[in-house]
Amino acid sequence: MADSSFDIVSKLDRQEVDNALGQTAREIATRFDFKGTGATIEWQGEHAIEISASADDRASAVLDVFQQKLIKRDVSLKVLDASEPRQSGQQSKISIALKEGISSEDAKKISKLIRDEGPKGVKAQIQGDELRVSSKKRDDLQAVQALVRGQDYDFAVQFTNYR
């Protein structure tokens with residue numbers, strides 16, 4: 001019997017993030033408390049978003065609205081790397097970087113966790129920015145998924161290619 005396997009990845013659904021950004025832009029255009037603040041939210045390249053407003057608290061409020069929209073769309077907030085509000089002329093700006101992929105150090109941490117605490121006979125291999133976990137028994141793989149879900153990492157974790 002062939003080994004069963006799955007991949008542990010940290011990917012972000014760009015379309016869902018774009019939809020949340022569009023909803024946030026519409027909401028701040030119509031909400032009363034954002035009138036006259038010049039609040040905007042927009043893409044800055046492929047993996048960055050910039051929020052600008054006339055005051056720090058308004059920029060932070062736009063960030064809160066954006067985070068709520070992401071939560072409603074089942075996007076983990078761990079993909080966001082938001083900076084502190086900074087002054088840029090008359091505007092207050094917040095830069096948000098979008099994190100994707102598992103770094104090699106994080107992959108090594110997960111691999112060590114699986115080796116130390118996971119069921120026997122489960123192998124974890126690092127493949128670029130993802131981790132392939134394989135075993136003869138599917139029950140062991142499900143136990144590993146539960147083990148990894150139970151940990152609190154600073155990146156979003158998804159399981160793909162379950163076979």
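About the thresholds
- Residues numbered from 1 in each chain as written.
- Predicted model: local features only at pLDDT ≥ 70, side-chain atom pairs only at ≥ 80, totals over all residues.
- Heavy atoms only, no water.
- UniProt positions renumbered as here; feature names shortened; annotations may be inferred.
- Salt bridge = Lys/Arg side-chain N within 4 Å of Asp/Glu carboxyl O.
- Helix = DSSP H or I, 4+ residues; strand = E, 2+ residues; numbered from the N terminus.
- Buried < 20%, exposed > 50% of the residue type's maximum accessible area, 1.4 Å probe, protein only.
- Polar contact = N/O pair within 3.5 Å; in protein donor to acceptor, adjacent residues only side chain to side chain.
- Contact = heavy atoms within 4.5 Å.
- Phe/Tyr/Trp six-rings, centres within 6.5 Å; stacked < 30°, edge-to-face > 60°.

By the naming in an unreviewed UniProt entry, the protein chain is Nucleotide-binding protein GRQ65_11610, taken from Nocardioides flavescens. UniProt, in its Function (unreviewed entry) section for the protein chain, records the words "Nucleotide-binding protein."

Caption draft 1: Representation of the pattern of salt bridges. A complete count under the given rule lists 14 salt bridges for this structure. In this structure, D3 engages K123 in a salt bridge whose closest nitrogen and oxygen atoms are separated by 3.3 Å. Separated by 120 residues along the polypeptide, D3 in the segment before β1 (4–9) and K123 in strand β7 (residues 123–127) bring together distant segments of the chain. E46 is the partner of R14 in a salt bridge, and the nearest nitrogen-oxygen pair spans 3.7 Å. On the criterion of sequence distance, the pair formed by R14 in helix α1 (residues 14–30) and E46 in the loop between β2 (40–43) and β3 (48–53) is long-range, its members being 32 residues apart. Residues participating in the shared-partner salt-bridge network are E27, R31, D33, R58 and K69.

Caption draft 2: Region of interest: the side chain of S52. Locating S52 in the fold gives a position in strand β3. Look at S52 and you get buried, because its relative accessible area is 10%. Here T40 takes part through its side chain, which lies 2.7 Å from a polar atom of the side chain of S52. Apart from residues lying up to four places away in sequence, S52 is in contact with G38, A39, T40, Q91, S92 and K93.

Caption draft 3: Representation of the packing of aromatic side chains. Here the structure, examined in full by the defined rule, presents 3 aromatic pairs. Arranged with centres 6.2 Å apart and planes meeting at 40°, the rings of F6 and Y162 form a pair that is tilted. You can see F6 sitting in strand β1 and its partner Y162 sitting in the segment after β9 (158–160), a full 156 residues away along the chain. A relative accessible area of 0% means that F6 is categorised as buried. For Y162, a relative accessible area of 34% corresponds to the partly exposed category. Taking the centre distance of 5.3 Å and the plane angle of 20° together, the rings of Y153 and F155 count as stacked. Put simply, the rings of F6, F159 and Y162 pair up and form one aromatic cluster.

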